[in-house]
Amino acid sequence: MNDPAACNVAIAPNGLSALEPGTEITTTVSTNFSDVSWLAPNFLDGVTISATATSLRE
């Protein structure tokens, strides 16, 4: 990744320390495709890619 600051990270719900064990926590990371691609800089420029993961609070 050329610029880690170009990533957006969202965690839901807010206030993780107040959650009960077993509550689902979802994390989504997104960035512009051109910031993480080794392909030509203009290939899919402006396209946002993202990944989401859900886990349970322990």
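Cut-off values and rules
Residues numbered from 1 in each chain as written. Predicted model: local features only at pLDDT ≥ 70, side-chain atom pairs only at ≥ 80, totals over all residues. Heavy atoms only, no water. Helix = DSSP H or I, 4+ residues; strand = E, 2+ residues; numbered from the N terminus. Contact = heavy atoms within 4.5 Å. Patch = residues over 30% accessible without salt bridge, like charges linked within 9 Å, V, L, I, M, F, W, Y side chains within 5 Å. Areas by Shrake-Rupley, 256 points an atom, 1.4 Å probe, with all protein chains shown as cover. Salt bridge = Lys/Arg side-chain N within 4 Å of Asp/Glu carboxyl O. Buried < 20%, exposed > 50% of the residue type's maximum accessible area, 1.4 Å probe, protein only. Pairing = 2+ DSSP bridges. Axes fitted to C-alpha atoms, helices over the stretch in contact; angles between N-to-C directions.

### Some words on the side chain of Ser30
Okay, step 1: Tracing the backbone shows Ser30 in strand E2 (residues 24–32).
Okay, step 2: Dropping the residues within four chain positions of it, Ser30 is found in contact with Ala6, Cys7, Asn8, Thr48, Ile49 and Ser50.

### Points about a nonpolar patch on the surface
Okay, step 1: Together, Val9, Ile11, Leu16 and Val29 line one region of the surface with nonpolar side chains, adding up to about 300 Å² of accessible area.
Okay, step 2: Along the chain, Val9 falls in strand E1 (residues 8–12).
Okay, step 3: Assessed through its relative accessible area of 57%, Val9 is described here as exposed.

### Description of the pairing of E2
Okay, step 1: Relative to E2, E1 runs antiparallel, the two sharing 5 bridges. Paired with Ala10 across the bridge in E2 is Thr28.
Okay, step 2: One ladder, built from 9 bridges, connects E2 with strand E3 (residues 48–56); its direction is antiparallel. From the neighbouring strand, Thr27 faces E3, where its bridge partner is Ala53.

### Considerations on the sheet that holds E2
Okay, step 1: Taken together, 3 strands build an open sheet; the order of strands is E1-E2-E3 and the sheet is antiparallel. Edge strands, defined here as strands with exactly one partner in the open sheet, are E1 and E3. Neighbour to neighbour, the strand axes of the sheet diverge by 15° on average, direction disregarded.

### As for the environment of Ser55
Okay, step 1: Relative to the elements of secondary structure, Ser55 occurs in strand E3.
Okay, step 2: Of the residues examined, Ser55 reaches a relative accessible area of 43% and is grouped as partly exposed.
Okay, step 3: Apart from the residues within four sequence positions on either side, Ser55 is in contact with Thr23, Glu24 and Ile25.

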